[in-house]
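What the coordinates show
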Amino acid sequence: MLENLHYFLIPFTNWEVMILIWAGVFCGIWLGAIPGLSVTMAISLLITFTFSWELNNALAMMCGVFVGGVYGGAITAILLNIPGAPASVASSLDGYPLGQKGQAGMAIGLCTTISVFAGFIGVLCLLTLAPVISDFALRFSPRDFFLLGCMGILLIGSIGGGDPIKGITVGAIGVLVSMVGMDPETGEMRYTFGSVNLMGGIHFVAAMIGLFGVSEALIQFRSENIEAVPQNINRVFPPLRLLKKYLPLGLRSSVLGVIVGALPGTGGDVAALLAYDQAKRTTKNPEVAFGEGAIEGLVAPEAANKGAIGGAFIPMLTLGIPGDAATAVMIGALFVHGLRPGPMLVLETPHLFGMIVSMLFIAVFAMGVLGLLSVRPFAKVIEIPKNLIMPLVIVLSVIGTFAIQNSLADVVAMIVFGILGYFMRLYKYPTGPLVLGIILGSTFLDQNYRRAMQMAGNDLGTFFSGFLTSPLSLFLLIFIVFMLFSQTRIYRKLRGLE
Amino acid sequence: MPDATKSHQTEEHHASESHSLAVYVAEKERQPGERTFAFLLILLGAFGYYFALDLSSDSYSSPSVFPKIASVVILAGGLISLVRAYKRPLAATAQNLLSYLLPKKVLMLLVLMVLYCLALPYLHFPASSFLFLVLSLTLLYRGRHFFRLCLYSAAAVAILFLLFRYVMLVILP
C-alpha cells in the first residue's frame, strides 16, 4: 500500500506526463462532446499515434482521453439529447429536459462538480482494492482464466440491452478472426490460405478502428444532418446550496457505480441506469418529476458512471477483463504497449499500477476544471455539423491504421471491418464483443484452454471434472451460467419482468 | 390533478424507457436483409469449421479445437438468429433491400473511401486525402459552398499532415 502510494506520487512530479493528462482530458471532453465521436473511437485512433511514445506518456494521454471522453458524453446528452457514450444514456432522460428549460449551464456545472467527487471515490477504490484482488487472482489456474475470458465476452454482449445470442455469436466471430495467422504454440498456420499478409494475423487495432471509427461514420451518413439548437448558457458554477443538497445522492450513486463497474462485464452504462433507477425509487418528493428535468435524475447516473471509471479499471487491470467497449479498447492499448493486464501487472509492476491510478486521479481533477471552463465553448462546438466531421474521421482512421505497421494491407482490413461493422449495426449486432474476441481469442482464451487441457492430460473427463472439483472454477462456472440464465425469458418471467 | 396525471404518465413512460435500456427486449419486426445476414453467419461458421478440419487435431489441446468451438458457436448463433428472423414480420416501414442497406449517400461515400485507399500508394497522403475530403464534402453538401469546402479540406489536410508527420512522427502513406 505504502509502496503504491510512492508510485502514486510520481506523475505529480513529471511535468510532461502532467501536460499530456490535461491535454488528453481536454481532447477527450471535446471529442466526447461532438455527436458521433465517442471515447471508444478516440482511444482506438489514439493507440496507433502513441505507438512510438514512451509508455508513461502514452498511458497519460490515454487515461486523460478516457476520463474526458466519459465526461464529454454527458454534455451532448444534456444539450442535444444525443448521449455521446452509452454511459450517458441515462443522463439524457432528465438532463435534456433540464437543458430545454434553459438550465443547461447549472445542470452541467452541478454534474461536473459531483462527477469529480464520484471519480475520486472510484479511483480510491481502485487503489485499495486492485492489489487485494490481484493477490487473490494468483490462485487462478489456466482453467479459471479460460472461464474469465469466456465470461468477459459473454457479458459484454449480453448486458446493456442487446440480444445475448447476437452478442455471443459476434464474440465467437472475433475469436475466429483472432485465430488467423501463426499458432503461437505449434507454429502451425491457421486460416491464412497461403497469403503472406495473413501470416502475422489480423491486427486488432485495424479491426477496432474499422468497427468503431469507419462503421460509425457510415451509420452517421444515413441520417440527415441535424442542425443543433443554439443554447443559452449563463451560470456555470453551481450554488453551494445545490451542491450540499445533491452531494449525498452523488456519493451514494458513485459507490454503486464503483461496485457495478468492478463486476466483470458491466461498465458505466449499466451503473448509470441502475443509479437512475435507484435515485427514482429512493427520492421521496423530487421538486420536479423524474423524466421532466429532475436534478436527482441527472446527478445519480452521472456520479455512477464516473465512479464506474475507477471501478471498471479494477477487473481490467487485475483480471484482464473489460467492463464495456471503451475499457476493451483500453486493454488493447495496454497490449500494444507490451503490458499484459492481469494479476501480474499489479504485482510485478506496481510502479505502473500506481502511476495509472495517479493518472486517473489527475485526469478526474482536470475533468472538473476543464469541464467547468469549457461549458460555454461546448455550446458552440456541438453546433458543428457532423457532415464536416465524419469525412475527417475516415481520414484519421486511415492515418491511424497505416501507422500500425506502415502497411496498406491493414488499411484494407480496416475498411473490411468498417463495412462489416456497418452491417452489424444495421441489424443490431453489438461490435464490442467482436473486438474483445479478437483481443482475447488467440492469446488468452485459446492459450489458457490448451494449457488447462494439457494439465488435465488431454482427457476430456478430467478437464470437465476440474470445473466441479475446484471451488473457484465452480464459482465462476455458476456465475456464467447464472448470467446466461438471467438473459432468458424463463428468468424474466420468474422475476415478473415480462 | 390533470398535471399530476400527466407527470405520472411521463414518469411511467420514462420508467419503461430506462427499464428497456437495461434488459434486452426482443425486436418485434425484421429489417430487410436480416435473414440473409443470419444465413451468411451460418456460412461463416460452416466455412470456419470446414477449414479447421485441415488443421492438426491429434489431441484435445491441438490448434484445431478452438477454431472448431468458435465455428460451432457462430453456426448455432446464426441458426437461432435465422429462425427468429423468420418468425418476425417484415417491418412496415421497410424499404427495398438496396436502399435500406446502402442509401445513395452511404454507397457513394463507400465508393469514395475505396478509391481513396486505392489512390493512396500513387498520390500519397496529402493529395489523396485532399481529393477525398473535397469530393465527399461536395457530395454531402450537394455541391453548395464548393470553394469554402476546398479551403476547409486544404486546411484540414495541412494541419493533419503537420501534426502527424512532424509533431507525432507518424509515417503517412
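Residues numbered from 1 in each chain as written. Chains lettered and ligands numbered in written order. Predicted model: local features only at pLDDT ≥ 70, side-chain atom pairs only at ≥ 80, totals over all residues. Heavy atoms only, no water.

Remarks on the overall build of chain B
The secondary structure content of chain B amounts to six helices and zero strands. Secondary structure elements of chain B, listed N to C terminal, follow the sequence α-α-α-α-α-α. For chain B, the residues scored as buried account for 40% of the 173 residues in total. A sequence separation of at least 24 residues applies to 56% of the contacts in chain B between residues at least 6 apart. Surface accessibility of chain B: about 9900 Å² in total, with carbon and sulfur atoms responsible for 70%. (Helix = DSSP H or I, 4+ residues; strand = E, 2+ residues; numbered from the N terminus. Buried < 20%, exposed > 50% of the residue type's maximum accessible area, 1.4 Å probe, protein only. Contact = heavy atoms within 4.5 Å. Areas by Shrake-Rupley, 256 points an atom, 1.4 Å probe, with all protein chains shown as cover.)

Thoughts on the interface of chain A and chain B
In this complex, chain A contributes 76 residues to the contact, which on the side of chain B involves 76 residues. When the two sides are added together, the surface that chain A and chain B hide from each other amounts to roughly 6800 Å², 72% of it contributed by carbon and sulfur. Inspection of the region where chain A meets chain B yields one salt bridge. A salt bridge links Lys166(A) to Glu34(B), with the nearest nitrogen and oxygen atoms 3.8 Å apart. Linking chain A with chain B are 14 residue pairs in polar contact (both at pLDDT 80 or more), by the criterion used here. For the side of chain A that touches chain B, the elements supplying multiple residues, two or more each, are helix 5 (89-100), helix 8 (164-178), strand 2 (189-190), helix 10 (204-222), helix 12 (268-282), helix 18 (386-405), helix 19 (408-426) and helix 20 (432-455) of chain A. In terms of residues, the side of chain A that touches chain B owes the most to one element, helix 18 of chain A, which gives eleven residues. By residue class, the composition of the side of chain A that touches chain B is 49 nonpolar, 14 polar and 13 charged. (Buried area = accessible area lost by both parts, 1.4 Å probe. Salt bridge = Lys/Arg side-chain N within 4 Å of Asp/Glu carboxyl O. Polar contact = N/O pair within 3.5 Å; in protein donor to acceptor, adjacent residues only side chain to side chain. Nonpolar A, V, L, I, M, F, W, Y, C, P; charged D, E, K, R; others polar.)

So, the packing of aromatic side chains
Pairs of aromatic rings are described using the distance from one ring centre to the other and the angle between the two planes. Inspection of every chain in the model, using the stated rule, returns 27 aromatic pairs over all chains. When the centroid spacing of 5.4 Å and the interplanar angle of 75 degrees are considered together, the rings of Phe66(A) and Phe313(A) count as edge-to-face. One end of the pair, Phe66(A), is in helix 4 (residues 55-80); the other, Phe313(A), is in helix 13 (residues 296-318), with 247 residues separating them in the sequence. Comparing Phe66(A) with Phe313(A), the two get one shared label, buried. One aromatic cluster is present, built from ring pairs that chain together Phe146(A), Tyr449(A), Phe463(A), Phe464(A), Phe467(A) and Phe66(B). We note Arg35(B) situated over the ring of Tyr86(B); from NZ or CZ to the ring centre the distance is 4.5 Å. (Phe/Tyr/Trp six-rings, centres within 6.5 Å; stacked < 30°, edge-to-face > 60°. Lys NZ or Arg CZ within 6 Å of the ring centre and 35° of its normal.)

Quick look at the environment of Arg252(A)
Mapped onto the elements of the fold, Arg252(A) is located in helix 11 (residues 240-262). Sequence spacing of Arg252(A) and Phe66(A) is 186 residues, and the spatial spacing of their C-alpha atoms is 23 Å.

Thoughts on the pattern of salt bridges
All names here are of chain B. In total, this model carries eight salt bridges over all chains according to the counting rule given. Between arginine 88 and glutamate 34 there is a salt bridge whose closest N-O contact spans 2.6 Å. One end of the pair, arginine 88, is in the loop between helix 3 (65-87) and helix 4 (97-101); the other, glutamate 34, is in helix 2 (residues 34-52), with 54 residues separating them in the sequence. Of the two residues, arginine 88 and glutamate 34, both sit in the buried class.

Observations regarding the environment of Tyr116(B)
Turning to its location among the elements, Tyr116(B) is positioned in helix 5 (residues 104-140). On a C-alpha basis, the gap between Tyr116(B) and Ser129(B) in space is 7.2 Å, while along the polypeptide they are 13 residues apart. Apart from residues lying up to four places away in sequence, Tyr116(B) is in contact with Val395(A), Val398(A), Phe125(B), Ser128(B), Ser129(B) and Phe132(B).

Regarding the packing of helix 10 of chain A against helix 5 of chain B
Between helix 10 of chain A and helix 5 of chain B, whose axes approach to 8 Å, the crossing angle comes to 145 degrees. Seen from above, helix 10 of chain A lies across helix 5 of chain B with right-handed handedness. Within the contact between the two elements, helix 10 of chain A uses Val214(A), Leu218(A), Phe221(A) and Arg222(A) and helix 5 of chain B uses Lys105(B), Val106(B), Leu109(B), Leu110(B), Met113(B) and Leu140(B). When its residues are assigned to classes, the contact of helix 10 of chain A with helix 5 of chain B shows eight nonpolar, no polar and two charged. (Axes fitted to C-alpha atoms, helices over the stretch in contact; angles between N-to-C directions. Left-handed = near helix turned anticlockwise from the far one by under 90°.)

Examining the packing of helix 13 of chain A against helix 16 (residues 350-373) of chain A
All names here are of chain A. With their axes 12 Å apart at the nearest point, helix 13 and helix 16 run at an angle of 165 degrees to one another. Considering the angle they form, helix 13 stands roughly antiparallel to helix 16. Of the two elements, helix 13 crosses helix 16, and the hand of that crossing is right-handed. Every residue of helix 16 that contacts helix 13 at Lys306, Ile309, Phe313 and Leu317 is listed here: Phe353, Ile356, Leu360 and Met367. Residues of the contact of helix 13 with helix 16, tallied by class, amount to seven nonpolar, no polar and one charged. (Parallel < 35°, antiparallel > 145°, perpendicular 65-115°, else oblique.)

Here's the deal with a nonpolar patch on the surface
Residue and element names in this part refer to chain B. A contiguous nonpolar patch, built from Leu107, Val111, Val114, Leu115 and Leu118 and spanning about 410 Å² of accessible area, is present on the exposed surface. Along the chain, leucine 115 falls in helix 5. Given a relative accessible area of 48%, leucine 115 falls into the partly exposed group. (Patch = residues over 30% accessible without salt bridge, like charges linked within 9 Å, V, L, I, M, F, W, Y side chains within 5 Å.)

Observations concerning unusual backbone geometry
You will see that Phe193(A), though not glycine, has its phi angle at about 50 degrees, which is positive. Backbone geometry places His145(B), a non-glycine residue, at a positive phi of 50 degrees. Here His145(B) lies in the loop between helix 5 and helix 6 (146-167). By relative accessible area, which is 39% here, His145(B) ends up partly exposed.

Re the side chain of Ser134(A)
Residue placement: Ser134(A) occurs in helix 6 (residues 104-137). Setting aside its immediate chain neighbours within four residues, Ser134(A) contacts Thr318(A), Pro343(A), Val346(A) and Leu347(A).

Focus on helix 2 of chain B
For helix 2 of chain B, built from 19 residues, the straight-helix expectation of 27 Å at 1.5 Å per residue is met to within 8% by its first-to-last C-alpha distance of 27 Å. Among the residues making up helix 2 of chain B, those that are buried are Glu34(B), Phe37(B), Ala38(B), Leu41(B), Ile42(B), Gly45(B), Gly48(B) and Ala52(B). Summarising the axial view, the buried residues of helix 2 of chain B lie within an arc of 150 degrees, below the 170-degree limit, and thus occupy one face. Next to the buried residues of helix 2 of chain B lie helix 8 and helix 19 of chain A together with helix 3 of chain B. (Expected span 1.5 Å × (residues − 1). Arc of directions from axis to C-beta.)

Concerning the confidence of the model for chain B
All names here are of chain B. Taken residue by residue, chain B gives an average pLDDT of 82. The fraction at 70 or more is 84%. At the low end of the mean pLDDT range in chain B sits helix 1 (residues 2-22), at 41; at the high end sits helix 2, at 95. Here residues 1-22 scores under 50 on pLDDT; set against residues more than four positions off or in separate chains, the count is 24 contacts. Both confidence scores are given for the complex: pTM 0.77, ipTM 0.85. (pLDDT = per-residue confidence, 0-100.)

So, the side chain of Ser128(B)
Within the secondary structure layout, Ser128(B) lies in helix 5. Those residues in contact with Ser128(B), other than ones at most four positions away along the chain, are Tyr116(B), Ala119(B), Leu120(B) and Leu123(B).

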